[in-house]
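What follows is each chain in one-letter form.
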Amino acid sequence: MTERLRRHPELQAWLILAIPVIFLLIFFMAPLVIVFVYSFLERGKYGGVEWVFTLDNIRRVFDPLYFKTFVRSFYIAIVTTLVTLILGYPLAYFIAKSPPSRRNALVFALMIPFWTNFLIRTYAWLTLLRTHTGLINVTLMNWGIIDKPLPLYGNDFAIILGLVYGWLPVMVLPIYAALERLDESLLEAARDLYASSAKAFRRVTWPLSLPGVVAGSMLVFIPSLGAFVTPAILGGGKSLMIGNIISNQFLGAHDWPFGSALSMVMMIAMLIATLIYFRWTKKSEDVT
Amino acid sequence: MQRKHLIALIAILIIAAMALAACGGQATEAPKPTEAPKAQPTEAPKAEPTEAPKEGGVKPADEIVVYNWSDYVHPDMYKMFTERTGIKISEDNFSSNEDLLAKLQGGATGYSVIVPSDYTVAIMIEEGMLEELNHDNIPNLKNLDPEFTKLYYDPGNKYCVPYLWGTTGIGYNTELLENPPQSWEGVFKAKESDPWYGRMTLLDDVREVFSAALIYLGYDNNTKDEAQLQEAKQLLIDAKKGVAGYDTDNYEDLVGTGENLLAHGWNGDFLQAADEYGNIDYYIPEEGGTIWIDNMCIPKGVTPEEKLAAEMYINFVLDPEVGKMLGEYNYYATPNKESLAIADPDYKSNPLVFPPPEIREKLRFIKPLGEFESVYQRMWDEVKSAQ
C-alpha cells in the first residue's frame, strides 16, 4: 500500500485533498443544493416545504419591494467597500513601508479587534452613537459645539460606519501582502526614467497591488451585502437589507422556500457582480 | 481525465443525497449546558419518591435539558430539583418563539422541556411536534388556576402546562416624562411637540406591533382582512418618523438610562429594569394590549426516560413554593393558585403583574394564522423599508 502510494504521487494528492473536499461537499455544497431545491417547492404551513414544484417563489423575488431592498443592499455594500478601500489602502501602504521590525507588530495590532465577537463590538458602538445618551453627542453638547444631537444612530450612516469598522482589517491585509512583496528596484527604475512619484505610483505600485485590492474588495463586499446584524443594531431596525428579509422569511413568515429563493437570487447577483468586477480589474491591469 | 470527472460527479451526488437524507431525519445537535448543577446525583435522593414512576419499570433519565428563554428561572430552581430527585438539569436558551420553532423543525434534539408561548404551542400541536403529557406523573396539576386549564390552544392541558404569563404594553421613564400618552394614539400619531417624539421604540416583532396598531384602530388583532391590515400598515409607516427604532432586546434599559422616554414592551422586562433603575413605570394603554402565556411542553423525540424526568420537572415547577419563587423573581404572573395563596402581598397585589379585571378584558391573545402570516410579514417588510 505504502509502496503504491510512493509510486503514485497523484494518489497522495487525492488522499490529502480528500478531507477538505468531503468537508466542503457536506457543509458547503449540500446546503447550497438544499437551498436550490427548496426555492422551487411550496411552503409548509409553519415552516418546512411541501414537495410540489412551483416557480412562484422566484417570481415573488422580483416584487418591487424586495427588488428595492436588493438595490439598497448593493448600494450600502458598494459604499462600504469604497470607504474601506480609501481608508485601508493608505494604512496598508504605511504598514508595508514601515521598518520590517515594526511591521509584524502593526499587523498584529490590526488583528486585535478580532479577538472580540463582532456582535459585542457592534453593541459597543451604540454607547458612542446613541442620540441622547451616546458619548459623542453628550460631549459635543456639553462643550456647546452643537445644540441639537447629531443623527448618528438608526440610519444608513450608522450601518455603513459599523460595516466599515468591522471589515477594515480584511481589506488591509491582502493589500498589505501585495505591497510588502513589491520590489523596490521597480520604483527606482521608474524614477530613473524620470517618472514623478505620482506617476510611479500610478504605473507601478497601483497595478502591482491590484490583486490585493481585488481580494480585499471581495472580502468586504460579500459579507456587507449579506449583513443583517449591523442594520438591526446600528440601523435601529428601521431599514432592511436583503439579509434581514431572508432571515424574516425563515423566522417570521415560516416561508422557507421564499427565503431560499431570495438567498439563491442574492448569490447569483453576487456572482455576477464579482465576475464583472474581476473582468474590469483584469482589463485595467492589462491596460497599465 | 474524463473518468476522473465522472467519479467526482458521482461522489458529489451521493454525498449530497446523504446530506439531504440526514437533514430530513435528525441532525443531532448537542445543546450547550449553561448551568452546571452542583448537587451530586450519585447520592441517593433524600426526598421520598412522591413522584414515583407509574408505568412499568421506566426510570427517569439522569439528566435533562430545558430549552428556555434566557433569565427565565429562579437561580436556585434547578439545584432544588436535583436535590429532590437526583436528576441533573442543564439549560439552553432561545430568544424568540420563531427561533425555537425553526430550530426544532431543523431537527434539533436533546431537549426534554421547552417553553414556547401560546400561539407557538398551537402551531406545535398542529404540526405534531409535542408529546402528550401523562397526567398521572403531574399530580400538582391540581394547583393550576382553573382558568389555565381551559386554554384556547390546549384545553385540558393535554400537551402543555402554563409556566408564567404577562402582558405587552408601554413602559416609560418616570423622571423624564410626567404624562405618558394614555392612548395608543400618542404613540402612533406622535407630534413633533411631544417629548417622546423620536425617543420611543416599538418591539421588533411583526405580530406584536400589528396587534397594537389593530387594537388602536378598533379591529381584531388577528384579522385576516387585508383592508384593515393596509390601514394598520399605513398607520405604522406614518408613525415611523417618531420612532427611534424597533427593538426587542434592550428597550427597557434604554428607557432606564433616559435614551428613550417610552417603549412598547413586556411587563416583566420593565418591572425587572425598574428594580435596577428605579425610574420606570408600566401601563396598558386605554384601547388595550396583548396577553401571552408561556408553557412547559415536551417535544417529540424524547426517550421514555427523558419524558418521565421532564414530567417530574413540570410537576416540580407546579409545586406551590417553587411557583411562588419563580413568579416573584421574574415579575411575571404565576398561573398557580396555590403559589398565589402563599405569595408576597406586594407581588400578589401588583396591578402591573396581575392586571385588574377591567384591564384584563382589554387584553388579546396573538393567534397563529398559518400561511396568512406571509401577508403580515410582507406588510411589516414594507413598514421597515419605508424611508
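Treat the numbers as computed from the prediction; the structure is a model and nothing was measured.

Scoring rules and cut-offs
- Residues numbered from 1 in each chain as written.
- Chains lettered and ligands numbered in written order.
- Predicted model: local features only at pLDDT ≥ 70, side-chain atom pairs only at ≥ 80, totals over all residues.
- Heavy atoms only, no water.
- Core = buried A, V, L, I, M, F, W, Y, C linked by side-chain atoms within 4.5 Å.
- Buried < 20%, exposed > 50% of the residue type's maximum accessible area, 1.4 Å probe, protein only.
- Helix = DSSP H or I, 4+ residues; strand = E, 2+ residues; numbered from the N terminus.
- Domains from an automatic or database assignment.
- Contact = heavy atoms within 4.5 Å.
- Axes fitted to C-alpha atoms, helices over the stretch in contact; angles between N-to-C directions.
- Left-handed = near helix turned anticlockwise from the far one by under 90°.
- Nonpolar A, V, L, I, M, F, W, Y, C, P; charged D, E, K, R; others polar.
- Parallel < 35°, antiparallel > 145°, perpendicular 65-115°, else oblique.
- Pairing = 2+ DSSP bridges.
- Right-handed = clockwise from strand over helix to strand, strands pointing away.
- Salt bridge = Lys/Arg side-chain N within 4 Å of Asp/Glu carboxyl O.

Peer 1: So what about the nonpolar core? Which residues, and what values?
Peer 2: Residues and elements named next belong to chain B. Counting residues in each nonpolar core, the largest one holds 115 residues, and the members touching the most others are Met 77, Ile 114, Tyr 163, Phe 188, Phe 210 and Tyr 313. By residue number, the principal contributor to this core is helix 10 (residues 304-317), which donates eight residues. Of the domains in this structure, domain 1 (51-165 + 293-347) and domain 2 (167-291 + 356-385) are the two that each give at least three residues to this core. If near-sequence neighbours (up to four positions away) are discounted, Phe 210 is found in contact with Leu 229, Ala 232, Lys 233, Leu 236, Tyr 376, Met 379, Trp 380 and Val 383.

Peer 1: So what about the packing of helix 2 (residues 77-85) of chain B against helix 10 of chain B? Which residues, and what values?
Peer 2: Residues and elements named next belong to chain B. At a minimum axis distance of 11 Å, the contact between helix 2 and helix 10 shows a crossing angle of 115°. Every pair of crossing elements has a handedness; the one defined by helix 2 and helix 10 is right-handed. Where helix 2 approaches helix 10, its residues Met 77, Tyr 78, Met 80, Phe 81, Arg 84 and Thr 85 are matched on the opposing element by Ala 309, Met 312, Tyr 313, Phe 316 and Val 317. A breakdown of the residues in the contact of helix 2 with helix 10 according to their chemical character gives nine nonpolar, one polar and one charged.

Peer 1: Explain unusual backbone geometry to me, and be specific about the residues and the numbers.
Peer 2: Even without being glycine, A:His254 reaches a positive phi, approximately 55°. A:His254 sits in the buried class, given a relative accessible area of 5%. Its identity is not glycine, yet B:Tyr331 carries a phi of approximately 60°, on the positive side. Following the sequence through the fold, B:Tyr331 ends up in the loop between helix 11 (320-330) and helix 12 (337-342). Relative accessible area serves as the criterion here: at 22%, B:Tyr331 is assigned to the partly exposed category.

Peer 1: Tell me about the packing of helix 6 (residues 118-129) of chain A against helix 7 (residues 135-142) of chain A, and name the residues and values.
Peer 2: All names here are of chain A. Two elements in contact, helix 6 and helix 7, have axes separated by 4 Å at closest approach and are oriented at 15°. The angle between helix 6 and helix 7 falls in the class roughly parallel. Across the interface between the two elements, Thr 127, Leu 128 and Leu 129 of helix 6 pack against Leu 135, Ile 136 and Asn 137 of helix 7. Looking at the contact of helix 6 with helix 7, its residues break down into four nonpolar, two polar and no charged.

Peer 1: Could you give an account of the pairing of strand 2 (residues 88-94) of chain B, naming the residues involved and the relevant values?
Peer 2: All names here are of chain B. Along strand 2, five of the seven residues are buried, which leaves the element largely enclosed by surrounding structure. Summarising the sheet, strand 1 (residues 63-69) and strand 2 pair through seven bridges and their orientation is parallel. What sits directly across from Asn 68, in strand 2, is Asn 93. As for the winding sense of the linkage, the β-α-β connection from strand 1 through helix 2 to strand 2 is right-handed.

Peer 1: Can you explain the pattern of salt bridges? Please cite residues and give values.
Peer 2: For the structure shown, the criterion picks out 18 salt bridges over all chains. With a closest N to O distance of 3.3 Å, B:Lys324 and B:Glu328 form a salt bridge. Residue B:Lys324 and its partner B:Glu328 are located together in helix 11, separated by four residues, close to a single helical turn. Judged by relative accessible area, which is 22%, B:Glu328 ranks as partly exposed. Here the residues in one salt-bridge network are A:Asp63, B:Lys233, B:Arg378 and B:Glu382, joined through shared partners.

Peer 1: How would you sum up the environment of B:Lys324? Please name residues and give values.
Peer 2: All names here are of chain B. Residue classification places Lys 324 among the buried residues on the basis of a relative accessible area of 18%. For the pair Lys 324 and His 74, spaced 250 residues apart in sequence, the C-alpha to C-alpha distance is 9.8 Å. Apart from the residues within four sequence positions on either side, Lys 324 is in contact with Ser 339, Ile 342, Ala 343 and Asp 344.

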